[in-house]
Amino acid sequence: MKWGCFCYCSPVDEDKEQPSVIKVSNSTKEHQWEVYSLKELLQATNNFHEDHKIGEGGFGSVYWGRTSKGDEIAVKRLKAVTMKAEMEFAVEVEILGRVRHKNLLGLRGFYVGADVLLDWPRRMNIVLGSAEGLVYLHHEANPHIIHRDIKASNVLLDAKFEAKVADFGFAKLIPEGVSHVTTRVKGTLGYLAPEYAMWGKVSESCDVYSFGILLLEIISGKKPLEKLPGGIKRDIIQWVTPYVEKANYNDIVDPRLKGNFNKEELKNAVEIALRCTAKPEKRPSMIEVVDRLKNGIISTHKKEVMQVKDCLDVSEDQYTIEDYEDEEEDEDTDYERFQSRAKRNWDELKIRY
């Protein structure tokens, strides 16, 4: 995870004491840029809260903030540090750093974070936090809420790497006693439950499916969809299935972890993900998912495994990515033209040695 931010401010008061910062000279004058820490920017913008957002551009969003010194700043946070975005970032910083005028917004400083690789315990904590957030939406909120767009970019992390489920723009309220509703399809291809993508039937089970995809994504570091040579698309379920069939779980985990993970927790998490992405009637509730995650994390030597055969058998009424029409690769595209709840007890889905 890489961060890129730079901060604007109102024109600098030359009489005001300026911070000790990086100095960049050009042919005319010397400029001072402050190097902010991530913690400072998070505090200034209230963890980049939506209420602080004041603008959005092609490569990032702009947030209002106030530093601990009382200075008002506007912070532009890059959505993703791709090569193109990084070039734009460098050009904008260079231009802003050269201007000083009372009618121009000036550059105060910047922050570019190094790659932060989430270790295994943090990943499992993020998974559990996300699941507990969904438990609240599905079972405790009144009326119940279906998020409809669970994906990696909608799970934010605070300064302590605690998960915060975000973006409720597609959320649906479900009245008590209603198992599902039929609605226009919203969300992101790769995370959509097949019954929702095909027929627009949305229930808590759809969020469970999306969570299963998210779980595999966090475990493996892979995207939900990848494009293979020849333009063929493969989803993460298709990718993970052969490894599970051969009980080769170690090849599923993100190679950047270099073997630093708990094998029992890995197996438990993969099996949960597969159950979440099974047919609707075989999916667990999020309460059951949280229970299984906690048991797997707390007691990693538990002699209990899930029966995953049913998750891996692909029958005629299951759908693969080929069932969807080819679309642009923009992962945030809404697939509006595509048109229960899992009731089985968790104990029926597992076997004991």
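Calculation criteria
- Residues numbered from 1 in each chain as written.
- Predicted model: local features only at pLDDT ≥ 70, side-chain atom pairs only at ≥ 80, totals over all residues.
- Heavy atoms only, no water.
- Helix = DSSP H or I, 4+ residues; strand = E, 2+ residues; numbered from the N terminus.
- Buried < 20%, exposed > 50% of the residue type's maximum accessible area, 1.4 Å probe, protein only.
- Areas by Shrake-Rupley, 256 points an atom, 1.4 Å probe, with all protein chains shown as cover.
- Polar contact = N/O pair within 3.5 Å; in protein donor to acceptor, adjacent residues only side chain to side chain.
- Salt bridge = Lys/Arg side-chain N within 4 Å of Asp/Glu carboxyl O.
- Core = buried A, V, L, I, M, F, W, Y, C linked by side-chain atoms within 4.5 Å.
- Contact = heavy atoms within 4.5 Å.
- Expected span 1.5 Å × (residues − 1).
- Axes fitted to C-alpha atoms, helices over the stretch in contact; angles between N-to-C directions.
- Parallel < 35°, antiparallel > 145°, perpendicular 65-115°, else oblique.
- Left-handed = near helix turned anticlockwise from the far one by under 90°.
- Nonpolar A, V, L, I, M, F, W, Y, C, P; charged D, E, K, R; others polar.
- Phe/Tyr/Trp six-rings, centres within 6.5 Å; stacked < 30°, edge-to-face > 60°.

1. A few points about the overall build of the protein chain
At step 1: Secondary structure summary: the protein chain contains 9 helices and 17 strands in total.
At step 2: In the protein chain, which comprises 353 residues, the proportion classed as buried is 46%.
At step 3: Counting every atom, the protein chain has about 19000 Å² of accessible surface; 50% of that belongs to carbon and sulfur.

2. A few points about the environment of Lys 294
At step 1: Note that Lys 294 resides in helix α8 (residues 286-298).
At step 2: Residues Lys 294 and Leu 128, spaced 166 residues apart in sequence, show a C-alpha to C-alpha distance of 7.7 Å.
At step 3: Looking at Lys 294, its side chain comes within polar contact range of the side chain of Glu 132, at 3.3 Å.

3. Observations regarding the pattern of salt bridges
At step 1: All told, the structure shown has 10 salt bridges when counted by the stated rule.
At step 2: Here Lys 53 and Glu 50 are joined by a salt bridge, their closest N and O atoms 3.5 Å apart.
At step 3: Judged by relative accessible area, Glu 50 falls into the exposed class, the value being 53%.
At step 4: Among the salt bridges present, the one from Asp 254 reaches Arg 256, with a minimum N-O distance of 2.8 Å.
At step 5: Judged by its relative accessible area of 49%, Arg 256 is partly exposed.
At step 6: Shared partners join several salt bridges into a network, and the residues in it are Arg 123, Asp 254 and Arg 256.

4. Structural notes on unusual backbone geometry
At step 1: Residue Asn 142 is joined to Pro 143 through a cis peptide bond whose omega torsion reads -5°.
At step 2: For Pro 143, the location among the structural elements is in the loop between α3 (120-140) and β8 (144-146).
At step 3: Phi is positive for Asn 46, close to 55°, though the residue is something other than glycine.
At step 4: Relative to the helices and strands, Asn 46 is located in the loop between α1 (38-44) and β4 (53-56).
At step 5: Accessibility expressed as a relative area gives 42% for Asn 46, which makes it partly exposed.

5. Examining the nonpolar core
At step 1: In this structure, Phe 211 and Ile 219 are the most contacted members of the largest nonpolar core, which totals 57 residues.
At step 2: In contact with Ile 219, other than residues within four places in its own chain, are Trp 120, Arg 123, Met 124, Ile 252, Val 253, Asp 254, Leu 266, Ala 269 and Val 270.
At step 3: Listed in part, the 9 residues of the second largest apolar core include Ala 44, Tyr 63, Ile 73 and Tyr 111.

6. Focus on helix α7 (residues 263-276)
Three- or four-residue spacings in an α-helix give side chains the same orientation, since the helix completes a turn every 3.6 residues.
At step 1: Given a rise of 1.5 Å per residue, 14 residues ought to cover 20 Å, and the 20 Å separating the end C-alpha atoms of α7 matches this to within 8%.
At step 2: The buried fraction of α7 amounts to 11 of the 14 residues, a majority that puts the element mostly inside the structure.
At step 3: Among the residues of α7, Glu 265, Leu 266, Asn 268, Ala 269, Val 270, Glu 271, Ile 272, Ala 273, Leu 274, Arg 275 and Cys 276 are the ones counted as buried.
At step 4: N-capping of α7 is provided by Asn 262, with a side-chain oxygen placed 3.0 Å from the backbone N of Glu 264.

7. Remarks on the packing of helix α5 (residues 204-220) against α7
At step 1: Contact geometry of α5 with α7 gives a least axis separation of 7 Å together with a crossing angle of 150°. Considering the angle they form, α5 stands roughly antiparallel to α7. In this structure, α5 crosses over α7, and the sense of that crossing is left-handed. Residues Val 208, Tyr 209, Phe 211, Gly 212, Leu 215, Leu 216 and Ile 219 of α5 pack against Leu 266, Ala 269, Val 270, Ile 272, Ala 273 and Cys 276 of α7.
At step 2: Considered class by class, the residues forming the contact of α5 with α7 number 12 nonpolar, 1 polar and no charged.

8. Some words on the packing of aromatic side chains
At step 1: Throughout the structure, instances matching the rule amount to 3 aromatic pairs.
At step 2: Look at Phe 48 and Tyr 63: their rings are 5.1 Å apart centre to centre, the planes differ by 70°, and that puts the pair in the edge-to-face class. Within this pair, whereas Phe 48 is found in the loop between α1 and β4, its partner Tyr 63 is found in strand β5 (residues 60-66), the two being separated by 15 residues in sequence.
At step 3: Measuring from ring centre to ring centre gives 6.0 Å for Trp 120 and Phe 261, while their planes differ by 55°; the resulting arrangement is tilted. Of this pair, Trp 120 sits in helix α3 while Phe 261 sits in the loop between α6 (236-245) and α7, and the two are 141 residues apart along the sequence.
At step 4: Residue classification places Trp 120 among the buried residues on the basis of a relative accessible area of 2%.
At step 5: A relative accessible area of 16% places Phe 261 in the buried class.

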